[in-house]
Amino acid sequence: METTIRRKQTSFRLRTDLLEEMKNAAKKENRTLNNYLESLLLNYFYSEPNEVTKAAIEEAMSGHNRNKVYTNIDEMFDDILNEE
């Protein structure tokens, strides 16, 4: 059984500001840029949301929001504080 993960060197052209942001993010997590980007890509391509999350995404995308939408923070807090 092969346990070695094969990798192939490649290159990308990125905006310099984006590259610096990625380097900073990797440094904050004490990781190499390669490791940081590889984990982001793996999470993006291989993470599958559960059924509850899928249903919530579908509801949000449908535009049918059964919850009250607030445009005023004071109104929202009034409703929260006056809930029965």
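Residues numbered from 1 in each chain as written. Predicted model: local features only at pLDDT ≥ 70, side-chain atom pairs only at ≥ 80, totals over all residues. Heavy atoms only, no water.

**Focus: the overall build of the protein**
Note the threshold: Strands are runs of DSSP state E lasting at least 2 residues, helices are runs of H or I lasting at least 4, and numbering of each runs from the N terminus. Note on method: radius of gyration uses C-alpha positions; expected globular size equals 2.2 Å times residues raised to 0.38. Throughout this description, buried means an accessible area under 20% of the type-specific maximum (1.4 Å probe, protein chains only), exposed means over 50%, and partly exposed covers the range between. Per-residue and other accessible areas were derived by the Shrake-Rupley procedure at a 1.4 Å probe size, with only the shown protein chains allowed to occlude residues.
Across its full length, the protein holds four helices and zero strands. Seen in sequence order, the protein has helices and strands lined up from the N terminus as α-α-α-α. For 84 residues, the compact-globule formula gives about 12 Å, and the C-alpha radius of gyration of the protein, at 22 Å, lies well above that figure. A total of 84 residues make up the protein; the buried ones form 5% of that total. Per element, the accessible surface of the protein, about 8,800 Å² overall, is 53% carbon and sulfur.

**Topic: helix H3 (residues 51-62)**
Think of an α-helix as turning once every 3.6 residues; residues three or four places apart then point the same way. Rules: Each residue after the first adds 1.5 Å to the expected span of a helix. Between N or O atoms, a polar contact is any pair within 3.5 Å; within protein, one atom must be a potential hydrogen donor and the other a potential acceptor, and residues adjacent in sequence are included only when both atoms are from side chains.
A rise of 1.5 Å per residue sets the reference length of H3, with its twelve residues, at 16 Å; its end C-alpha atoms lie 16 Å apart and thus fit the reference within 8%. At the N-terminal boundary of H3, the capping side chain belongs to asparagine 50, with an oxygen 3.2 Å from the backbone nitrogen of valine 52. Phi turns positive one or two residues past the end of H3, at glycine 63, with a value near 85°.

**Focus on the confidence of the model for the protein**
Applied cut-off: Values of pLDDT, which run from 0 to 100, indicate the predictor's confidence residue by residue.
The predicted model of the protein averages 88 in pLDDT, with 95% of residues at 70 or higher. Within the protein, the element-level pLDDT minimum falls on H3, averaging 86, and the maximum on helix H1 (residues 16-28), averaging 96.

**Here's the deal with the environment of glutamate 75**
We count it as follows: By definition, residues are in contact when any of their heavy atoms lie within 4.5 Å.
Mapping glutamate 75 onto the fold places it in helix H4 (residues 73-81). Look past the residues within four positions of glutamate 75 in its chain and what remains in contact with it is Lys68 and Tyr70.

**With respect to a nonpolar patch on the surface**
Formally: In this scheme, patches are assembled from residues that exceed 30% relative accessible area and form no salt bridge. Like charges are connected within 9 Å, while nonpolar side chains (Val, Leu, Ile, Met, Phe, Trp, Tyr) are connected within 5 Å. Salt bridges are counted wherever a side-chain nitrogen of Lys or Arg sits within 4 Å of a carboxyl oxygen of Asp or Glu.
Residues Leu41, Leu42, Tyr44, Phe45 and Tyr46 make up a contiguous nonpolar surface patch of roughly 670 Å² in combined accessible area. Within the fold, tyrosine 44 resides in helix H2 (residues 33-46).

**Structural notes on the pattern of salt bridges**
With the rule as written, the count across this model stands at six salt bridges. The partner of aspartate 17 in a salt bridge is arginine 15, and the shortest N-O contact between them spans 2.6 Å. In this structure aspartate 17 comes out as partly exposed when scored by relative accessible area, which is 41%. Between lysine 54 and glutamate 51 there is a salt bridge, with the nearest N and O atoms lying 3.5 Å from each other. Taken together, the residues lysine 54 and glutamate 51, both in helix H3 and three residues apart, mark about one turn of the helix. With relative accessibility at 31%, the residue lysine 54 sits in the partly exposed group.

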